[in-house]
Amino acid sequence: MKRVRILAIETSCDETSVAVIEDGEKILSNVVASQIKSHQRFGGIVPEIASRHHVEQITLIAQEALNEANLSIENIDAVAVTEGPGLVGALLIGISAAKAIAFAHGLPLIPVNHIAGHIYANQLVRPLTFPLLALVVSGGHTELVLMQKDGDYHIIGETRDDAAGEAYDKIGRVIGVPYPGGKHIDEMAQKGEDTFHFPRGMMKENNYDFSFSGLKSSFINRVHNAEQKGEELNKEDLAASFQASVVDVLVSKTIRAAKEYGVKEIVLAGGVAANRGLRNSLSKAVEEQLENTSLAIPPLALCGDNAAMIGAAAYVEYKTQHFVDYSLNAKPGLELS
Ligand code: KG4
Ligand code: ZN
């Protein structure tokens, strides 16, 4: 059978990435150019700066992705691109590039939802098993997604306020680590203990929604309170306590949902999937509490934003010939459907 090679483009936030993916599962190349150093001094992503970097990088990265795959554009069968959610100006750069490449070479154009991409990052490791439950935890999203089959997404719960990654980044600022704080807090947490016992938001509630703003406020209040009293708090314990609260809630709700829906697989997805506490705790909980459910955790390189995951998700659309014309536009608030 002919192999299908998709050139995939991801520019939804601060990573310019282009990949070549074969049959939705094999990475031929996955070039990721991070702009984080340009944003760090502002303590967050500056959308205008992100767009400018994408413009500078996109054609170079696309060529590099083809070179690394040892292919030329004639060997490509389709062009895929993230259409949302994300920053509108950033998305538009990837979309314009994808349209131009597709038009110039007469290739079909495939729009991909960024969150679907995060879920399908796991397909680059081994085939997904359905029905599955995806725990999506990123800088902008925290949701539990039930999938009966490829391309079928049903959100059974989501955050009512901050996303998990967003909460990490906000308390990271308070503790004084560089943006984005998630990775640094995770490292500090490995050396501390849960001594502060922060609240576990909505953990006992009989639904699959999340809330991290109460935790964030408790954390910030505790730190400010100590500052006013001139009291020195152990930062590693603070990080470990925050992490324990986030991980407890994420893991307990995921396990409960997996039992209720009888899924065959749990899939971890999104930037926060890189979190060591979460990876360990979820692995342990699945092993101890679920009998016939496997767990898929992406390798670290595929947790953050990258185009390989977009190519993996695009293959599902390729098989059903879900192509679009050049009126494709960025959808900053795109939902999974
Ligand atoms: O998926 P992603 O790369 O971008 C979005 O689509 O949002 O996720 C980025 C988020 C950031 O909030 C970052 O702090 C968080 O993932 N993150 C982590 C870790 N590594 C990245 N959060 C906790 N622990 C980590 N090890
Ligand atoms: Zn992402």
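Residues numbered from 1 in each chain as written. Chains lettered and ligands numbered in written order. Predicted model: local features only at pLDDT ≥ 70, side-chain atom pairs only at ≥ 80, totals over all residues. Heavy atoms only, no water.

1. Brief notes about the site of ligand 1
Here's step 1: What surrounds ligand 1 is a group of 19 residues, the closest being His118, Gly139, Asp169, Gly271 and Asn275.
Here's step 2: At 3.0 Å from an oxygen atom of ligand 1 is found a side-chain nitrogen or oxygen belonging to histidine 118.
Here's step 3: In this structure, an oxygen atom belonging to ligand 1 sits 3.4 Å away from a main-chain N or O atom of glycine 140.
Here's step 4: Using a 2 Å cut-off from the grid points, one finds that ligand 1 occupies the largest pocket.
Here's step 5: Sorting the residues of the shell around ligand 1 by element identifies helix 4 (114-120), helix 5 (164-175) and helix 6 (182-189) as the ones contributing at least two each.
Here's step 6: Residues of the shell around ligand 1, tallied by class, amount to four nonpolar, 11 polar and four charged.
Here's step 7: Counting the residues that make up the shell around ligand 1, at least three belong to each of domain 1 (5-120 + 302-319) and domain 2 (129-297). (Near = heavy atom within 4 Å. Polar contact = N/O pair within 3.5 Å; in protein donor to acceptor, adjacent residues only side chain to side chain. 1 Å grid on protein atoms, 1.4 Å probe; cavity = no way out; pocket = protein on both sides within 12 Å on 5 of 7 lines; lining within 4 Å. Sits in = over half its atoms within 2 Å of the grid points. Helix = DSSP H or I, 4+ residues; strand = E, 2+ residues; numbered from the N terminus. Nonpolar A, V, L, I, M, F, W, Y, C, P; charged D, E, K, R; others polar. Domains from an automatic or database assignment.)

2. Brief notes about the side chain of arginine 279
Here's step 1: Checked against the element boundaries, arginine 279 lands in helix 9 (residues 276-289).
Here's step 2: Here arginine 279 occupies a buried position and makes no salt bridge, while the nearest side chain of opposite charge, aspartate 186, is found at 7.9 Å.
Here's step 3: Of the polar contacts made by the side chain of arginine 279, one reaches the backbone oxygen of alanine 273; its length is 2.8 Å.
Here's step 4: Polar contacts involving the side chain of arginine 279 include one to the main-chain carbonyl oxygen of proline 298, which spans 2.9 Å.
Here's step 5: Excluding anything up to four places from it in sequence, arginine 279 contacts Leu268, Ala273, Ala274, Ile297, Pro298, Pro299, Leu300 and Cys303. (Buried < 20%, exposed > 50% of the residue type's maximum accessible area, 1.4 Å probe, protein only. Lys, Arg positive; Asp, Glu negative; His and termini not counted. Salt bridge = Lys/Arg side-chain N within 4 Å of Asp/Glu carboxyl O. Contact = heavy atoms within 4.5 Å.)

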